Amino acid sequence: LTPLADGLLLPSLVSGRNPDYLIGKHVLMAPLIKKMKLPTASMAYLLLNGEHESSTQKVTNTTPISMRQLTQIQHTVMAAQYMGQQLIYLEAGSGAKNSVPPQVIKAVKKVSLVPLIVGGGIDSAQKAKAAMKAGANMIVVGNAIEKNVYLLAEIVSTTKDE
């Protein structure tokens, strides 16, 4: 954390059952966040199976939810909202072979009352546009930029009228 930050998205890995990533790490960071007076937004983090073992999966020792389990994903999103989460983040995992498909985004959007962020496996402007068209309010593009330094410009030009 840095005091130069404008704010902090505080993720809770609600798709997993490792207490360290549901609340444990947050307890450790709370005094520092308070001292820095950082505005925070609580974010429900759902790790979905992108057909590639992600860094998040390795570090947190949690199992992602299958993207075919739409009801479980929706119920997890609803529970997170009832617990006060201000944002929902659907993540297929860093370097995912499969990004979060539009039907999953649409299913979550049906039950979500808060902004929806989608990431993992977004390695083209077309995938970014599809995610946004399906209902994502924001997208996260990670290591795909290392392979294509023009990707952000391509995404902006493709989605600017959406």
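Read on for a plain summary of the structure.

**A look at the side chain of Ser 42**
Relative to the helices and strands, Ser 42 resides in strand β2 (residues 40–47). From its side chain, Ser 42 meets the backbone oxygen of Gly 84 in a polar contact 3.3 Å long. Look past the residues within four positions of Ser 42 in its chain and what remains in contact with it is Leu 10, Gly 84, Gln 85, Gln 86 and Leu 87.

**A look at the sheet that holds strand β3 (residues 87–91)**
Taken together, five strands build an open sheet; the order of strands is β1-β2-β3-β4-β5 and the sheet is parallel. Lying at the two open borders of the sheet, with one neighbouring strand each, are β1 (8–13) and β5 (138–140). Ignoring which end each strand starts from, the neighbouring axes of this sheet average 30° apart. The sheet contact formed by β2 and β3 spans five bridges and is parallel. Paired with Ala 44 across the two strands is Ile 88, which belongs to β3. Contacts from helix α1 (residues 19–36) reach β1 and β2 within the one sheet, and its direction differs from that of β1 by about 155°.

**Here we look at the packing of aromatic side chains**
Using the criterion set out here, one finds one aromatic pair in the structure. Measuring from centroid to centroid gives 5.1 Å for Tyr 45 and Tyr 89, while their planes differ by 80°, and the two rings are edge-to-face. On the criterion of sequence distance, the pair formed by Tyr 45 in strand β2 and Tyr 89 in strand β3 is long-range, its members being 44 residues apart. Given a relative accessible area of 10%, Tyr 45 falls into the buried group. You can call Tyr 89 buried: its relative accessible area is 8%.

About the criteria used
Residues numbered from 1 in each chain as written. Predicted model: local features only at pLDDT ≥ 70, side-chain atom pairs only at ≥ 80, totals over all residues. Heavy atoms only, no water. Helix = DSSP H or I, 4+ residues; strand = E, 2+ residues; numbered from the N terminus. Polar contact = N/O pair within 3.5 Å; in protein donor to acceptor, adjacent residues only side chain to side chain. Contact = heavy atoms within 4.5 Å. Pairing = 2+ DSSP bridges. Axes fitted to C-alpha atoms, helices over the stretch in contact; angles between N-to-C directions. Phe/Tyr/Trp six-rings, centres within 6.5 Å; stacked < 30°, edge-to-face > 60°. Buried < 20%, exposed > 50% of the residue type's maximum accessible area, 1.4 Å probe, protein only.

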